[in-house]
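Structure assessment
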Amino acid sequence: MMPPLKLTLVGLSSVLDYSFATSLAKGNVFGSDQVLDVSIIDADSKTAGKFEKQLKGMAPIISNVTTFSSTDMSKALTGADLVVAGTPGGDLKSAADTFAGFGKAAEGKVDSCCRVFVVGPKAHTMSLVLSANMNSHERDFIVALSQAEQNAALNAFAKMTKASPEKIDRLALWGGGGDLCFADCSYLRVGEKWALGKLKSDSVASEFAASASQAMKGVYTDSATLSSASATAIQDYWVGQPKQWCSLGVASDESYGIDADIWYTVPVDCPGLMFKRVTGLPISPLAAEMMNKSIAALKKERDMVMSSVPKSFFVETEELRKAVNFSMLDVVNNSASM
């Protein structure tokens, strides 16, 4: 067995169910030889207790389980190698205040290479708030999970084309969570062959986007489905996913004209313990239009939580903005010339 990995679960009862804990305990996510030392922080003490009871019965994968109160958050986060955090319910500003406190408690306490996965509604903006309050932590180590949206979009395309979801790859998701996510089939392959080359309808991209959008709206209403998708996303990131592109909400590096001070879902490769943005994709006019809408919506969310974001965060992103001169118009023009 490998040395214990210190895993901290924060506020998961608001979005996930027990099946997520079971996936961890059975070795489905990190491997059957990876021991886990688990800390649980949750405002719902009853649910936290159930998580703890379930995990304690899962030796030898689970070596230790400890439940902490929110006042002991810094203690629970000290030395964490991995954090999975659920977004709280309620209004956006209150959620941002909660995540600002979470970030301050984690600052300087978690391992310097700690990966943080945020799941649930508004996960992209909560990732921004968290990163802004963990100022010394690498931004690319904090990601918003988009696997539930990816699964919903893949199933929508499979339904349209009668293709097996397992044979579909190179789906590109752009945007935020739920209805702020745009599913782009421009690059899709079925059985390693370009899918759109076989589809005769010129409107298939917009038809698919509409179908996928409808499916993605409900991804946060089923905690069991969201739990399964979250476990898959973390496994793909940690162990690696060589067969298809993944989708993660990451700190924008301003590629594709996306503002640097928001978290935004893009297609990524996951070779293991990291992600690599898929770069250089031609962007269709439809995708550019939908991306601009989601960028505007995420910027609006960002502006609503400014009281939870230290000004120093924007000083850093301004330096990045000066270093990159890239606009959405450039992308569309490049696409038109290909």
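Everything here concerns the structure above.
Rules used throughout
- Residues numbered from 1 in each chain as written.
- Predicted model: local features only at pLDDT ≥ 70, side-chain atom pairs only at ≥ 80, totals over all residues.
- Heavy atoms only, no water.
- Helix = DSSP H or I, 4+ residues; strand = E, 2+ residues; numbered from the N terminus.
- Buried < 20%, exposed > 50% of the residue type's maximum accessible area, 1.4 Å probe, protein only.
- Expected span 1.5 Å × (residues − 1).
- Arc of directions from axis to C-beta.
- Contact = heavy atoms within 4.5 Å.
- Pairing = 2+ DSSP bridges.

Before going further, it helps to examine the environment of Lys-53. By the element assignment, Lys-53 lies in helix α2 (residues 45-56). Residue Lys-53 is classed as exposed on the basis of its relative accessible area of 70%. Between the C-alpha atom of Lys-53 and that of Asn-28, which follows or precedes it by 25 residues, the distance is 19 Å.

As a further point, take helix α7 (residues 204-216). An ideal rise of 1.5 Å per residue puts 18 Å on 13 residues; α7 measures up with 18 Å between its terminal C-alpha atoms. All buried positions along α7 are accounted for by Val-204, Phe-208, Ala-209, Ala-212 and Met-216. End-on, the buried residues of α7 take up no more than an arc of 130°, which puts them together on one face. Buried residues along α7 sit against α6 (147-161), β8 (172-175) and β9 (181-184).

Of all 8 residues in strand β13 (residues 263-270), 7 are buried; the element is thus mostly enclosed. Taken together, the 7 bridges between strand β12 (residues 241-251) and β13 define a ladder with antiparallel strand orientation. Pairing of Cys-246 across the sheet is with Val-268, part of β13. Here β13 folds back onto strand β14 (residues 276-277) in antiparallel fashion, the turn holding 5 residues, of which Gly-272 has a positive phi close to 125°.

As a further point, take the environment of Val-305. By secondary structure assignment, the location of Val-305 is in the loop between α9 (285-304) and α10 (311-323). Given a relative accessible area of 1%, Val-305 falls into the buried group. Sequence separation between Val-305 and Cys-270 is 35 residues; the distance between their C-alpha atoms is 30 Å.

One non-glycine residue with positive phi stands out, namely Arg-170, at about 65°. As for its position among the elements, Arg-170 is in the loop between β7 (168-169) and β8. For Arg-170, a relative accessible area of 33% corresponds to the partly exposed category. Phi at Tyr-256 is positive, roughly 60°, even though this residue is not glycine. A relative accessible area of 6% means that Tyr-256 is categorised as buried.

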